Structures are given as C-alpha cells and as structure tokens.
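Residue-level structural notes
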Number of protein chains: 2
Amino acid sequence: MTQLRLALAQVDPTVGDLAGNAEIVVQRMHEAAAAGAHLVAFPEMMLTGYPVEDLALRPAFQRASRQAVVALGQRLAVEGLGELPCVVGFLDSRGDPAGLVTERGDLDPLGRPRGEPRNAAAVLHRGVLAGSYTKHHLPNYGVFDEARYFVPGSERTVVRVRGVDVALAICEDLWQDGGPVAEVRAAGAGLLLVINGSPYERNKDDVRRELCARRAAEAGCVLAYVNLVGGQDELVFDGDSLVVAQTGEVLARAAQFEQTLLTVDLELPLSHTDDGVVVLSADPAPAYDAGAGSVAERLDDDAEVYGALVLGLRDYVRKNGFASVVLGLSGGIDSALVAAIAVDALGADQVYGVSLPSRYSSQHSKGDAQELARRTGLHLRTVPIAAMVQAYLSALPLTGLAEENLQARVRGTTLMAISNQEGHLVLATGNKSELAVGYSTIYGDAVGGFAPIKDVPKTAVWALSRWRNQQAERDEQTPPIPPNSIDKAPSAELAPGQLDTDSLPDYPILDALLDDYVEKDRGAAQLVAGGHDRALVERVLMLTDGAEYKRRQYPPGTKISARNFGRDRRLPITSRWREPSP
Amino acid sequence: MTQLRLALAQVDPTVGDLAGNAEIVVQRMHEAAAAGAHLVAFPEMMLTGYPVEDLALRPAFQRASRQAVVALGQRLAVEGLGELPCVVGFLDSRGDPAGLVTERGDLDPLGRPRGEPRNAAAVLHRGVLAGSYTKHHLPNYGVFDEARYFVPGSERTVVRVRGVDVALAICEDLWQDGGPVAEVRAAGAGLLLVINGSPYERNKDDVRRELCARRAAEAGCVLAYVNLVGGQDELVFDGDSLVVAQTGEVLARAAQFEQTLLTVDLELPLSHTDDGVVVLSADPAPAYDAGAGSVAERLDDDAEVYGALVLGLRDYVRKNGFASVVLGLSGGIDSALVAAIAVDALGADQVYGVSLPSRYSSQHSKGDAQELARRTGLHLRTVPIAAMVQAYLSALPLTGLAEENLQARVRGTTLMAISNQEGHLVLATGNKSELAVGYSTIYGDAVGGFAPIKDVPKTAVWALSRWRNQQAERDEQTPPIPPNSIDKAPSAELAPGQLDTDSLPDYPILDALLDDYVEKDRGAAQLVAGGHDRALVERVLMLTDGAEYKRRQYPPGTKISARNFGRDRRLPITSRWREPSP
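Rules behind the numbers
- Residues numbered from 1 in each chain as written.
- Chains lettered and ligands numbered in written order.
- Predicted model: local features only at pLDDT ≥ 70, side-chain atom pairs only at ≥ 80, totals over all residues.
- Heavy atoms only, no water.
- Helix = DSSP H or I, 4+ residues; strand = E, 2+ residues; numbered from the N terminus.
- Expected span 1.5 Å × (residues − 1).
- Buried < 20%, exposed > 50% of the residue type's maximum accessible area, 1.4 Å probe, protein only.
- Arc of directions from axis to C-beta.
- Polar contact = N/O pair within 3.5 Å; in protein donor to acceptor, adjacent residues only side chain to side chain.
- Phe/Tyr/Trp six-rings, centres within 6.5 Å; stacked < 30°, edge-to-face > 60°.
- Least-squares fit on C-alpha atoms with pLDDT ≥ 70 in both.
- Contact = heavy atoms within 4.5 Å.
- Pairing = 2+ DSSP bridges.
- Buried area = accessible area lost by both parts, 1.4 Å probe.
- Salt bridge = Lys/Arg side-chain N within 4 Å of Asp/Glu carboxyl O.
- Axes fitted to C-alpha atoms, helices over the stretch in contact; angles between N-to-C directions.
- Parallel < 35°, antiparallel > 145°, perpendicular 65-115°, else oblique.
- Left-handed = near helix turned anticlockwise from the far one by under 90°.
- Nonpolar A, V, L, I, M, F, W, Y, C, P; charged D, E, K, R; others polar.
- 1 Å grid on protein atoms, 1.4 Å probe; cavity = no way out; pocket = protein on both sides within 12 Å on 5 of 7 lines; lining within 4 Å.
- Points joined across faces, edges and corners; volume = space filled by probe spheres on them.
- Patch = residues over 30% accessible without salt bridge, like charges linked within 9 Å, V, L, I, M, F, W, Y side chains within 5 Å.
- Areas by Shrake-Rupley, 256 points an atom, 1.4 Å probe, with all protein chains shown as cover.
- Lys, Arg positive; Asp, Glu negative; His and termini not counted.
- Charge placed at Lys NZ, Arg CZ, Asp CG, Glu CD.
- Disulfide = S-S within 2.5 Å.

Side note on helix α18 (residues 534-546) of chain A
Residue and element names in this part refer to chain A. Taking 1.5 Å of rise per residue, 13 residues should cover 18 Å, and α18 covers 18 Å from first to last C-alpha, within 8% of that figure. Restricting attention to buried positions, one finds in α18 the residues L536, V537, V540, L541, T544 and D545. The arc enclosing the buried residues of α18, seen along the axis, measures out at 145°, which places them on a common side. A distance of 3.2 Å separates the backbone nitrogen of A535 from a side-chain oxygen at the start of α18, and that oxygen is part of D533.

Pasting the structure below:
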C-alpha cells in the first residue's frame, strides 16, 4: 500500500468557452499543487462544457477542442505544473485512434459525423497528452442524445501515478452493468476514477452514493467520482463529487451546488502488473501525514431543489451576458417565489419587479407585491395596464377568454418593453402544473428568456416558499415571501372574482395525477386503477395533451424532475393519440 | 417468370390516430382489390403515423398499436380482403421476437424502453399477422432520433406471394450499404419491397431514384418504394413512390404531394428456394393483360417547394382541428407569399388577413395589402395600431429598438386576440434569413401556431412568389401576389424610412453566406476562403449564434432544407463558442 493525495475539481465551465474553461483548469491546478495533490481530476467535457449538442459535429469546433487540449498540456508545463498529472474531459475527434490530429472533420452525405467525435478524458502530464480514454456507454434517453454525437470507445485506459494504477471511466460507464467498470478488478487497478456530467434530479435519494459503493465493491478498489456543478440551459449539475471505499465507506464528499476542490488522502495498493498501463510516475509518493477527508452533509429535499433553482437561474443569467432580471409581480405565490430565487441568485439590486394591476386586480395583490419588495429589497414599479387594455378593446370586440388573454399579453408586452429599454432578462413565472394543463397565456405570462420554476409543481411552489421563509427565520433574517401570498387562494385575476379552482381541481389532487401521468408515464387505465377520479383523468389528460404547442414555445427553465417538459419529454404537437378511456 | 400486380398506397396517416389510419388501410385495400392487385404496400409506421416521438416509449401506446395491427388483420378478412396480402408499417413492441403480445411495456430506471419498441412492417393475410419485419438501420442524425426509440432488427423477412419471393426492408435499410438489401440477392428474392417515411428536402436532385436504381441492381431484382405523403409538424413527406427495375428503368412513379394508389404490373421470377420463406400463396397468378405503369413527371424546383409548403400548412391546420387561419398583412412579400400559400392550402374563404398600420406604415403598404386581398379573395380587415402603441408610450418611456419592438408586439397581441375571439390559427410570416440573424421580434411578428416559410430564405421567397404568379398567368388566372410587393425594397416599417438593408446586407449576399454557414456547417475560415467578406462573416455569425433563444421559442414550420432551424440543428442557447476569426 502507498499514499496518494487526490484532488477532485468540482467546477463550473461554460459551453463553448474553450479558453475560459482552460483557465479554470489552470487555476485549480495551481490550487491543487499548493495543496500537495498527486493527481487532479476535472469533470466530463470540462474543456468544452456540457452538453455542447450539435457543436460536437461542427468541424471547426472539433478542431478547436483538439488544439485546446494540446495547448492546455503545454501551458500547465510552462506554469510549472507539468509534474502534476490531471484528467480532463474534452471533445476528441480522432479519425484514427492512434493519432490525435486529423482533418477528417466533415459530415457524410447523411449528416453523420465523419470526424468521429468522442466524449473523452485526456491525461495531461509533462506538457503532453500522455493518454486518453473514450466513453464506452453513450446515454441516449431522457435529456441525453449521445448516440447522435459520439462514437463509443471500447478500450480500457489505466495510468500509473506514483506507483498506483488508476483506471478511467466516464459517467454512463458507471451506470451500465458490465463495460469498463467490470474490467477494473481484472486489471488490478488501485483506483477507479470516474469523471461525470450528471444533471441534478430531485427525489433520487442517494442513488449516486449507492451506485458508487456498489461499483467500488465490484471493482475491488476505491472509486472517485467528480461531477460538474452549474447551470446549462435547462440542466443544472449539482456537483456532489465523492470518494467511496470498496467497503462502501464514504471517504470524502463535496457540497452540492458549490464550486470546490475536494482533496482526499488515500491508502492504495501499489501496482502489480504492467499490462497496457501508461506509466506517468512509478515511484510511490514519500510518506506524509494523511488528513481525514471532509464529508459534506447532503441537503434536505427542499434545500436541494431551492439550491438547484438558484444556481440554474444565476448561471443562465451570467453565462448569457445579463446582469439583471425583470419580472411581473402579481402578489401571487409563483411570482413571489421566482423573485425570492432571483434575489438569492443575483442580489436584490439586480432584480426589477413590476406590478401590473388591471381593473380585476384585488387590493391585496398590489399590497402583497409591495410587501414582497419591502421584504427582499428588490426594485418595484407600478404600471397599470387598464389604459392599454382599453385601447385594444376600443379597436376589437373581445369577450371571455380573448379578453382574459389580452390582459396577460399586455403585461407580457410591457415587461418586454422594459427589458428592451433597460437590458434586463425577463423571467417567466409559470409553474409546472400550469404548463402541463395549459393554464397560461402564450405570449402573455409565458414571455421570458428563462422560466425558473417551470419544472416545479404548484404544491412544491408552496412548500419551497414556506421552506425559504423558515430558513430566513432560522437565520434571523426577514422571510422574503409575504405570508399572505402563501396563504391566499390562487387566482389569475383575469376576470372578476376568478379563482384557479374555477377551472382546475385542487392542486394537491392535480399534482398527484400529473406526477403519475407525466413523470411515471402511466396510461389512463392505470391512473384510474391507481385511485384517480375517472372524469378528472379524462379531463386532465385532454388538457395536457392539448397544450403541447404552448410548451414548445415556452422559455427554458431549470430541470429538477425526472421528466421535465423539454428534452426529457418529446411529443409531437400534431397528435390524435388520446389515452383510451378505462 | 410470372406476373404480379403490385399496389403502392401513397397515403397520409395522422400521428396517434390508430383507428383513422386503419380506416385508410381498409379503404385503400378495397380500392386495390377492385384494381386486381395481388399485393399491397403501405408506408413506414402507417398505423401510428410518423414520427410518433416519445409515444413510442409509452406502454399504453405500445399496447394499443399491437392491438390495432391484430384488429386490422381481422377486419380485412371480415371485409372480404383476407386473400389480398398487405404490408403495413406499425409500432411493434415484442419483448420476445417470437410472440407479438407481451406486457413488458414499462421503462427501466433510466427511462429506456423495456417493451422493446420496434419500427416494423406487418404482413397481414387471411386475418392474421402472417409475418413481420423489424427495421435494421435506425437513423439518428438530422431530424431523426430512432436510436432513442427503437431496438434494431437483425432478421431477414421474405414472404412468398403468388409464387414470387418478396423481401422486405424499411427506409434507412435502403440507404445503408450492407444490411438487408445486400442479402436480397443471396436470398434469391424476386422483389424487394421497401416501405418508407422519407421527408421532403429540396435540392436533392433525384437522389431517391438513383439510390433505388443502384440497390435494385445490387439486389438483382425489381425494387418497389412506397413513401408517406403529408405533413407532420415540421416535416412534410412528398410521396414520390416508385418502382425501379434492376436495369435502372423506372417502371412506375407516383406524383409528389398527392395521395394515390400506384398500381404496376410486374414480370417477376418464380421462387426457387424455400429457406426461411413465409409462404402466403405458392401458386402463380393466372396470366392477364398487363398494363404499362404510370410514371409521373417530377416537379421542378419551385413547384416542388411550393407544393411542400402548401401541403405542410394544410395538414398542420387540418390535423390540429382548425379550419381557418389569420395573419398580419404588411404589404410586404413575406406575408403576401404566406397568404398565397394559405389560400392554396385552405381556400380564400378560410384565410383572414389583418392590415395593422402604424404611423410608420407607408401608403403603399396599406394599398398592397388591399391589392393582395382583391387578387386572392381572402378576408381583409384593418386595425390601426397607433392608439394601442400610444397607450404604452404614455405609460413607459420607450425609445429606439424598444419602441420598434413594441409596434411588432402590439400587432402580435392583436392577431392573438382575433384568434382567441374567432378561432383561427395564427400564422407567423417570418422567413429563414430573418430567423437566422434574429431580424424579428419575439412575441411580435414571431407569434403564431405555425410559420409556413420559416425554412425559406428571403431570396427563395421572391423566387417562389414570382413562380406562383407565373403559374397563375400560365393558367389564365389572377396572379395572387401584387407585383409591387415583389419589386419594392424590403422594410420592417418600424421606424421612419427604415429599410432591411440599413441593418442587413443585400439578401442574395446574406443568403449565400447563411447557406454555407447553417446548411453546410462551414467554419469562419472556410467561409472567408470561399469568398465571403471577412467583416460580414464575423457580423452574420455573431448575429446568428446570438439569436438561438429567439429560434427556440419560434413556432414550427415546414422543413424544406437539408438543415432547418428545429430538429435538424440543435444548439445550446447558452454558448460562448464563436467561430475563430480567420
């Protein structure tokens, strides 16, 4: 046995920013060197960001990625970091696995990649690409489309670092039975290092730790798992990097939703074979005083979801070059929660609320919006919409739903005008329950560059609001959300005395049904057998199936569920399929 | 040799409409029986429609599709059609290839199909599923995601009909070298029957005929190709079913964009082996007087694109339960062409135009909209927007782009209000050039349920408009599009004296550059080397990359190019990748 100090860099790259992402690697390598690390690992597709989607197929991007990884190796050496090996995820695109640079980066007549893009891990050491590994298992379900982008690898990669053999794997390789993990025991590796781009999903319990423990036992060695952290369009990566012994013991674990360099001192077996091992350094590290690894506590459910929403919004705003956001404040719970998330993500001074009262707005709506501003410190202005609405009504004979939708669209147009004039990103405040059944106005309350709670069911909106206020009370701060916004009956206030329950069932009933239909893919017969009311099943499925066109034009928003309305659930707009009535 | 009368049913099913699609099969089977056919073929995924996207993964849908194919076989027998075999595309989902019905239609913990959905062809004969074939090659590029949905087949299927051995294949099987087609010669089949769901793309020359001829020569037998016709969201299938001899001679061909039953009399070799052949009928057909197959002439380029746009719009409107459309008529060429397409698709009485003049609208704009209405007979009303715009400006201090966008959004809100009040589907009138560089207002001119010309570059908008008018002249009808709309300089008319060329290069220059960047995936260096102006390349690529968020919320529209903004080109919104300056 020998000692090895491993550093896992849980960091937040930006898609397409090859130079900026390389800079993150260099800075964390300096930090790891100062901390005495012997090996450093960065997440999946670190250099390109993840997922890059069709950029993976673009010849100029493939070429730039190949050049960036070579340049990074050289730069690390120039900066005196050449002796510290690192594993870095990148987009490889070798036509020929033996050589890194070819120019076959074109598409064949059917549009498939000729450049053979690969989801790969580079091993950088002493200024060069000392080895690389190509992901074997390409996920192609849920939000993943890797069969579109990458050719799979089939080779094992083991590198020797300070006398310890380290086997490499990438994300899905860990989830699939068989494959590279199964070979680790046969290879006699002392450490299995897995680099990941694993998006956050709630209600997964501690599936990652359990999986890592199982695979460590199968591999017969310590398993180190490093994950991305940060937001990328609808995805948010939660980090949660960890190191698990073959006994299942967690040796170290990083906090979720935070960038960090997790270092851990390991006792690992010395190598005992030379078969196909890339030797970086054969001599064991001199003995040193090992510290205990830090093991972060996992967040509880509400804290975790809230953290995901804050980080997802912050990164969308920041990475797209915005500094501030604007949103309509109705006094209701949805806009209040979005405002609280925005204040936590960006600071109150970067959040611009607009109260947009109509003739149907209640006094408490306006008061609750003001109370929200008072509690959070966000900017608030009031723009009454009655005059604009009247201008349309004078020109067009509108009644019923057309008049209701008009009010929502005047609000949307007003927010977009303020956005254009002042440069804030507009936030849409709709929740997943509304988005499911189409209880929202396209080009009205649905306008926005980002929709922070689009994957949050209404019942969870209430729960998160209560949780956020309780956190504030615990910390002796002002709870951001007006209690009245939480307690009052939800209303769109687009007609006199209107309540959501006029059109929809109570939200706990609706959300339970939507969860079974949307997330669990249960058919109508199964839903009724599971205890949902037959008439309600028919009505809610009809509404949900019929609202696909609205969802298709809805802004992106952070995915927190196992199946969001977006990349996870891809349905045709034109479809006559209706679940057969049980 | 013996005779065989083959019927290819080039028809237009609707996604999800299992009952309606089965009805189409029954009707065409009666027609084929009356025409004396010995074998009838229907397109890929005939029973479910195509593509069904995530419905393929839904257990209730899988079950319904299995039941529908069994019921269809029984019904054909009941209706006296049992002796006439047919090949029908459907969604199979056998867990076990030997038996058709299992109940393992669930998803595994990673969301992947457990029910093993297959893109399959059913052979129905004498009331039962006499055989089936599973597609071997699953396209997973461009608009296709079949690796997400289906498990591939690996077995050959040959059925004997009237003593002739008929080998089956599905769509992509034909495009891939090797695979089932390569085995046809070895199997000694007398006919290769390929069922297809092959979307239209312009500028493909006659690649389908050339491919069929090559494969017929490889297979050493006649090849019959039957394709879907009709629109499904962004895709339009053009039909173009054909029968090609091993010499390359076209024996029969169906017109594009039309539903038809193409019958053809073939001279085919009698079977000479029994290896793995499903025998439906061993006795040759009695000799009869064979007719010559009809060979439709291919449409020329403009006629083909125009036909695709008309059918794509008609089917989107019809299949989504609308009867009529509404659109803003600016007097410009984009809205004039969309109006002409809508009139051809739905009839003038179902098309509602709205002139929405602002203080910046020129006299000729209003006149050209009226002239368009006069020429086509569509309904026209005028709703001046000045009062609505003024109501916003009184409440908000807006200047420059914010004021320009406001006008577009007031128009969008007005069209949506009319849609809500009267029930018409709103059409967005933007073209591909604008959509590329973001020269459109989100929630303004971008509102709509469908965008008929979103994949048509501006230069093609002019060409199609001229072509449509020339067609009318040839047929001694009134050319629908006012010549002034074609000839005048394009302007958004959102500011005094504004012209598109104030912000954009001339469209022929812009479109050539966009074609090279978007459709051909050329990098900046290649673009400059190819003769595009360096400064223009930088500017247009920056505009195009920066407009992804607008495209993501744009309505669907008919794909006519090799790479549309939609399923074909999938890029992250959040991306710092910029093509390196050459």
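Having seen the structure, we can now continue with the description.
Quick word on the packing of aromatic side chains
All names here are of chain B. For the coordinates displayed, the defined rule picks out 18 aromatic pairs over all chains. Ring geometry for W462 against Y507: centres 5.8 Å apart, planes inclined by 70°, an arrangement best described as edge-to-face. Note that W462 is positioned in helix α13 (residues 458-474) and Y507 in helix α16 (residues 507-519), a separation of 45 residues in sequence. Here Y507 falls in the buried class, since its relative accessible area comes to 4%.

Section: the relation of the copies chain B and chain A
Placing chain B over chain A gives an RMSD of 0.0 Å and needs a rotation angle of 180°, together with 0.0 Å of translation along the axis. These values place the two chain copies in the arrangement generated by a two-fold rotation axis. Considering only C-alpha atoms, the part of chain B nearest the rotation axis is B:Q553, at 2.1 Å. The fraction of interface residues of chain B whose copies in chain A are also interface residues reaches 100%, indicating that both copies meet through the same surface.

Notes on the pairing of strand β11 (residues 235-238) of chain A
In the case of a regular strand, side chains alternate between the two sheet surfaces. All names here are of chain A. Alternating positions in β11 separate into two faces, L235 and F237 on one and V236 and D238 on the other, with burial throughout. Where strand β10 (residues 229-232) meets β11, four bridges bridge the pair, whose relative direction is antiparallel. Residue pairing in the sheet places G231 in a bridge with V236 of β11. Counted between consecutive antiparallel strands, the loop separating β10 from β11 contains two residues, among which D233 sits at a positive phi close to 50°.

Points about the interface of chain B and chain A
Counting from both sides, the interface comprises 85 residues of chain B and, opposite them, 85 residues of chain A. Of the roughly 7300 Å² buried at the junction of chain B and chain A (both faces included), carbon and sulfur atoms supply 54%. Viewed at the interface, chain A and chain B are joined by six salt bridges. Between A:E579 and B:R58 there is a salt bridge, with the nearest N and O atoms lying 3.4 Å from each other.

Quick look at the pattern of salt bridges
Charged atoms that come close allow side chains of opposite charge to pair. Residues and elements named next belong to chain A. According to the stated counting rule, one finds 98 salt bridges over all chains in the structure shown. In this structure, the salt-bridge partner of D368 is K488, at a minimum N-O distance of 2.7 Å. One end of the pair, D368, is in helix α9 (residues 363-376); the other, K488, is in the loop between α14 (483-487) and α15 (500-503), and 120 residues separate them in sequence. You'll find D368 and K488 in the same group, each marked buried. Among the ionic contacts, a cluster of salt bridges with common partners joins D206, R208, R209, D238, D240, R253, R298 and E304.

A short note on the packing of helix α11 (residues 400-422) of chain A against helix α11 (residues 400-422) of chain B
Where α11(A) contacts α11(B), the axes come no closer than 10 Å and their chain directions differ by 165°. With respect to α11(B), the element α11(A) is oriented roughly antiparallel. Crossing geometry of α11(A) relative to α11(B) is assigned as right-handed. Counting all contacts with α11(A), which are made through A:A402, A:N405, A:L406, A:R409, A:T413, A:M416, A:A417, A:N420 and A:Q421, the residues of α11(B) involved are B:A402, B:N405, B:L406, B:R409, B:T413, B:M416, B:A417, B:N420 and B:Q421.

Overview of the pairing of strand β6 (residues 158-161) of chain B
Residue and element names in this part refer to chain B. Here β6 shows two buried faces, one formed by V158 and R160 and the other by V159 and V161. By the bridge criterion, four bridges tie β6 to strand β7 (residues 164-170) in an arrangement that is antiparallel. Bridging across to β7, V161 finds its partner in V164. The pairing of β6 with strand β15 (residues 277-279) spans three bridges and is parallel. Residue pairing across strands places V158 opposite V277, the latter belonging to β15.

Here's the deal with the sheet that holds strand β8 (residues 191-196) of chain A
Residue and element names in this part refer to chain A. Taken together, the seven strands give an open sheet; going across it, the order is β13-β12-β9-β8-β7-β6-β15, and neighbouring strands pair in mixed fashion. Whereas interior strands pair on both sides, the edge strands pair on one side only; in this sheet they are β13 (250-253) and β15 (277-279). On average, adjacent strands in this sheet sit at an angle of 20° to one another, irrespective of strand direction. In this structure, strand β9 (residues 222-227) lies alongside strand β12 (residues 242-244), joined through three bridges in antiparallel fashion.

Quick word on the sheet that holds strand β2 (residues 39-41) of chain B
Sheet strands associate in pairs through backbone hydrogen bonding, adopting either a parallel or an antiparallel arrangement. Residues and elements named next belong to chain B. In space, the six strands of this open sheet follow the order β5-β4-β3-β2-β1-β14, with mixed pairing throughout. Edge positions in the sheet fall to β5 (128-134) and β14 (260-268), since each of these pairs with one other strand and no more. Direction aside, the axes of adjacent strands within the sheet are offset by 30° on average. When strand β4 (residues 118-125) meets β5, the two strands line up antiparallel, connected through six bridges. When the sheet's bridge partners are listed, A120 is paired in β5 with T134. Across the sheet, helix α1 (residues 18-34) touches β1 (2-10), β2, β3 (86-92) and β14, and the angle it forms with β14 is around 50°.

Brief notes about the packing of helix α8 (residues 333-346) of chain A against helix α13 (residues 458-474) of chain A
All names here are of chain A. Across the interface, α8 lies against α13 with an axial gap of 10 Å and an inter-helix angle of 50°. One element, α8, and the other, α13, form an angle in the oblique class. Handedness of the α8/α13 crossing: left-handed. Here I333, D334, L337 and D344 of α8 come into contact with α13, specifically with K458, V461, W462, L464, S465 and R468. Taken together, the residues of the contact of α8 with α13 sort by class into five nonpolar, one polar and four charged.

Comments concerning the environment of B:F150
Residue and element names in this part refer to chain B. Mapping F150 onto the fold places it in the loop between α3 (146-149) and β6. Classification of F150 by relative accessible area gives buried; the value is 8%. It is 8.7 Å that separates the C-alpha atoms of F150 and L57, two residues lying 93 residues apart in sequence.

Points about empty space enclosed by the protein
If you roll a probe as big as a water molecule over the atoms, it shows you where there is empty space left. All names here are of chain A. This structure, assessed with the given rule, holds 11 cavities of 30 Å³ or more. Considered as a void within the structure, the second largest cavity measures approximately 120 Å³ in volume. Lining the second largest cavity are 13 residues, with D545, L571, P572, S575 and R578 sitting closest to its centre. Every element with two or more residues in the lining of the second largest cavity is listed here: α18 and α19 (548-552). When its residues are assigned to classes, the lining of the second largest cavity shows five nonpolar, two polar and six charged.

Here's the deal with a negative patch on the surface
All names here are of chain A. Judged by side-chain charge, D205, E210, D300 and D301 come together as a negatively charged surface patch. The residue D300 is located in the loop between β15 and α7 (301-319) in this model. What makes D300 partly exposed here is its relative accessible area of 47%.

Some points on the state of the cysteines
All names here are of chain A. Here the structure, examined in full by the defined rule, presents zero disulfides over all chains. C212 takes part in no disulfide bond, and the closest cysteine sulfur, belonging to C171, lies 10 Å away. Judged by relative accessible area, which is 0%, C212 ranks as buried.

Description of unusual backbone geometry
The omega angle of the peptide bond from A:Y50 to A:P51 is -10°, so this bond is cis rather than trans. Within the element layout of this structure, A:P51 appears in the loop between β2 (39-41) and α2 (59-78). The phi torsion at B:E53 lies on the positive side, around 50°, for a residue other than glycine. Position of B:E53 relative to the elements: it lies in the loop between β2 and α2 (59-78). Since its relative accessible area comes to 8%, B:E53 is described here as buried.

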